[in-house]
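Coordinates in review
Here are the chains, one letter per residue:
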Amino acid sequence: MKAVTALVPGGPEALQLTELPDPSLKPGEVLIDVVAAGINRADVQQRRGLYPSPPGAPDFPGLEVSGRVAQAAQGFEEGQPVVALLAGGGYAERVAAPAGQVLPAPEGIDLIAAAGIPEVAATVYSNVFMLAKLRAAQTLLVHGGAGGIGSMAIQLAKHHGAQVISTAGSAEKCQRILELGADQAINYREQDFVHLVQQHGGADVILDVMGAVYLSRNVEALALDGRLVVIGLQGGKTGELDLGVLMAKRGAVFGTGLRYRSLEEKAEIMRQVQQHVWPLLADGRLTPSIGKTFPLSEAAAAHEYFDSGEHQGKILLTV
Ligand SMILES: NC(=O)c1ccc[n+]([C@@H]2O[C@H](COP(=O)([O-])OP(=O)(O)OC[C@H]3O[C@@H](n4cnc5c(N)ncnc54)[C@H](OP(=O)(O)O)[C@@H]3O)[C@@H](O)[C@H]2O)c1
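Summarised in this report is the structure supplied together with it. (Residues numbered from 1 in each chain as written. Predicted model: local features only at pLDDT ≥ 70, side-chain atom pairs only at ≥ 80, totals over all residues. Heavy atoms only, no water.)

**Focus on the site of the ligand**
Around the ligand, the surrounding shell holds 25 residues, and the nearest of these are Gly 169, Lys 173, Tyr 188, Tyr 214 and Leu 258. Gln 234 places a polar side-chain atom, nitrogen or oxygen, 3.1 Å from an oxygen atom of the ligand. At 2.8 Å from an oxygen atom of the ligand is found a main-chain nitrogen or oxygen belonging to Leu 258. Look at the ligand: alone it shows 920 Å² of surface, and the protein chains cover 88% of it. (Near = heavy atom within 4 Å. Polar contact = N/O pair within 3.5 Å; in protein donor to acceptor, adjacent residues only side chain to side chain. Areas by Shrake-Rupley, 256 points an atom, 1.4 Å probe, with all protein chains shown as cover.)

**A short note on the layout of surface pockets**
Estimated volume of the largest pocket: approximately 1,400 Å³. Of all the elements in the fold, those that place two or more residues in the lining of the largest pocket are helix 1 (41-47), helix 3 (118-131), helix 4 (148-159), strand 9 (163-168) and helix 11 (299-308). When its residues are assigned to classes, the lining of the largest pocket shows 19 nonpolar, 21 polar and 9 charged. Viewed by domain, the lining of the largest pocket spans two of them, domain 1 (2-117 + 261-318) and domain 2 (121-255), each represented by three or more residues. Computed from the structure, the second largest pocket encloses a volume of approximately 680 Å³. Along its surface, the second largest pocket is lined by 37 residues, and Lys 26, Glu 29, Gly 56, Ala 57 and Pro 58 are the ones closest to its centre. The element best represented in the lining of the second largest pocket is strand 6 (residues 94-98), accounting for 5 residues. Residues of the lining of the second largest pocket, tallied by class, amount to 21 nonpolar, 8 polar and 8 charged. (1 Å grid on protein atoms, 1.4 Å probe; cavity = no way out; pocket = protein on both sides within 12 Å on 5 of 7 lines; lining within 4 Å. Points joined across faces, edges and corners; volume = space filled by probe spheres on them. Helix = DSSP H or I, 4+ residues; strand = E, 2+ residues; numbered from the N terminus. Nonpolar A, V, L, I, M, F, W, Y, C, P; charged D, E, K, R; others polar. Domains from an automatic or database assignment.)

**A look at the packing of helix 3 against helix 9 (residues 263-276)**
Helix 9 packs onto helix 3 with a crossing angle of 95° between their chain directions and a minimal axis gap of 9 Å. With respect to helix 9, the axis of helix 3 lies roughly perpendicular. Where helix 3 approaches helix 9, its residues Pro 118, Ala 121, Ala 122, Tyr 125, Ser 126 and Met 130 are matched on the opposing element by Glu 268, Ile 269, Met 270, Gln 272, Val 273 and His 276. For the contact of helix 3 with helix 9, the per-class residue count stands at 8 nonpolar, 3 polar and 1 charged. (Axes fitted to C-alpha atoms, helices over the stretch in contact; angles between N-to-C directions. Parallel < 35°, antiparallel > 145°, perpendicular 65-115°, else oblique. Contact = heavy atoms within 4.5 Å.)

**Describing the environment of Pro 55**
Relative to the helices and strands, Pro 55 is located in the loop between helix 1 and strand 4 (64-69). C-alpha separation for the pair Pro 55 and Lys 133, spaced 78 residues apart in sequence, amounts to 31 Å.

**Let's talk about empty space enclosed by the protein**
Per the counting criterion, the structure on display carries 1 cavity of 30 Å³ or more. Reported here for the largest cavity is a volume of approximately 50 Å³. Lining the largest cavity, in full, are Gly 116, Ile 117, Val 120, Gly 148, Ser 151, Met 152, Gln 155, Thr 287, Pro 288, Ser 289 and Lys 314. Per-element tally for the lining of the largest cavity: the top contributor is helix 4, with 4 residues.

**Regarding the nonpolar core**
Judged by nonpolar contacts, the single largest core of 50 residues is most densely connected at Ile 117, Leu 134, Met 152, Leu 156, Val 273, Val 277 and Trp 278. The element contributing the most residues to this core is helix 3, with 7 residues. In contact with Val 277, other than residues within four places in its own chain, are Ala 121, Tyr 125, Leu 156, Gln 272 and Leu 286. Leu 15, Tyr 91, Val 95 and Ala 299 belong to the second largest nonpolar core, which has 27 residues in total. (Core = buried A, V, L, I, M, F, W, Y, C linked by side-chain atoms within 4.5 Å. Buried < 20%, exposed > 50% of the residue type's maximum accessible area, 1.4 Å probe, protein only.)

**Quick word on the packing of aromatic side chains**
Scanning the model with the defined rule gives 4 aromatic pairs in all. Plain terms: the ring middles of Tyr 51 and Tyr 260 are 6.2 Å apart, the flat faces sit at 40° to each other, and that makes the pair tilted. With Tyr 51 in the loop between helix 1 and strand 4 and Tyr 260 in the loop between strand 13 (252-255) and helix 9, this pair connects stretches of sequence that are 209 residues apart. Between Phe 193 and Tyr 214, the ring centres sit 5.0 Å apart and the planes meet at 55°, which makes this aromatic pair tilted. Here Phe 193 is found in helix 6 (residues 193-198), whereas its partner Tyr 214 is found in the loop between strand 11 (203-208) and helix 7 (215-221), with 21 residues between them in sequence. This pair shows no difference in class: Phe 193 is buried, exactly as Tyr 214 is. Cation over ring: Arg 259 sits above Tyr 51, and NZ or CZ is 4.7 Å from the ring centre. Taking the ring centre of Tyr 305 as reference, the NZ or CZ of Lys 292 above it sits at 4.4 Å. (Phe/Tyr/Trp six-rings, centres within 6.5 Å; stacked < 30°, edge-to-face > 60°. Lys NZ or Arg CZ within 6 Å of the ring centre and 35° of its normal.)

Next comes the structure, spelled out in structure tokens:
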């Protein structure tokens, strides 16, 4: 099969289309003919040699795909349209995925667009709802609301009845955030999010993709009993935290990663995603936010575009 690998870590040009053996199927896995793969920030880190696949997973990028089941297995029928959450290896014509991480493709959604759903839906649902327990009428602050993760978080939280405030780096992206349903958009290059969030009584939950650079300001922006969930370290991993401020807010700081979770945990997250997110996709209340698609053979150009930060929503590779 054809696959995109980074034999030597580096920039986008490190990604090369290569010929690899088809994946060998382990017990409990489903073989999928890939239709499209989603690009995630973790793929960039992997390309740079900074975020390897977990042991046992293919050692090239790709955390989510859509496709058709290559041969009947684990209750899935041959040819059935599916999506899958992966620990790696999605930039390929074929992948083998643990059955618990494979879901029937959501009805009513184009199969290419569906490739951008598993990683973001699983990340947002597991962190905002299962871990931080965002409730209706509470306030969620989403950093980077026009990105892949952010656009899913805004839509899901709004459907849950929450108030959503979100940051983005340009007027155009702030506009996109409002179109996605956010109640307030904050241009992080021009405005102080702490002050603006405090005007709304603080955030009950913050979904953070920046890490160190926002740590103290995020804690300041929390409401009483607020929960800060750090899922990205784009602004560094070592920060300073005033525990006095955290205690005064009775606050909690979580840090999580989806990729290295056990098969059982991922299967439970995907069950919850199917139960709570799939119905919203089926009747059009939630739509995947797709920025651009590139053929698999142009993965390097797709990463160059992703690295530029100009994109909104998900960038996809089509097979
Ligand atoms: N822990 C996990 O399990 C997990 C799983 C998936 C993803 N993630 C993390 O989630 C993040 C988003 O991933 P993605 O694939 O959705 O990538 P993406 O689409 O490129 O999103 C990155 C986002 O970061 C925002 N951003 C950059 N600088 C910012 C700043 N100073 N303040 C606020 N926002 C800022 C960008 O906003 P602008 O474009 O408006 O500048 C953009 O929306 C990444 O850090 C990724 O590692 C974590």
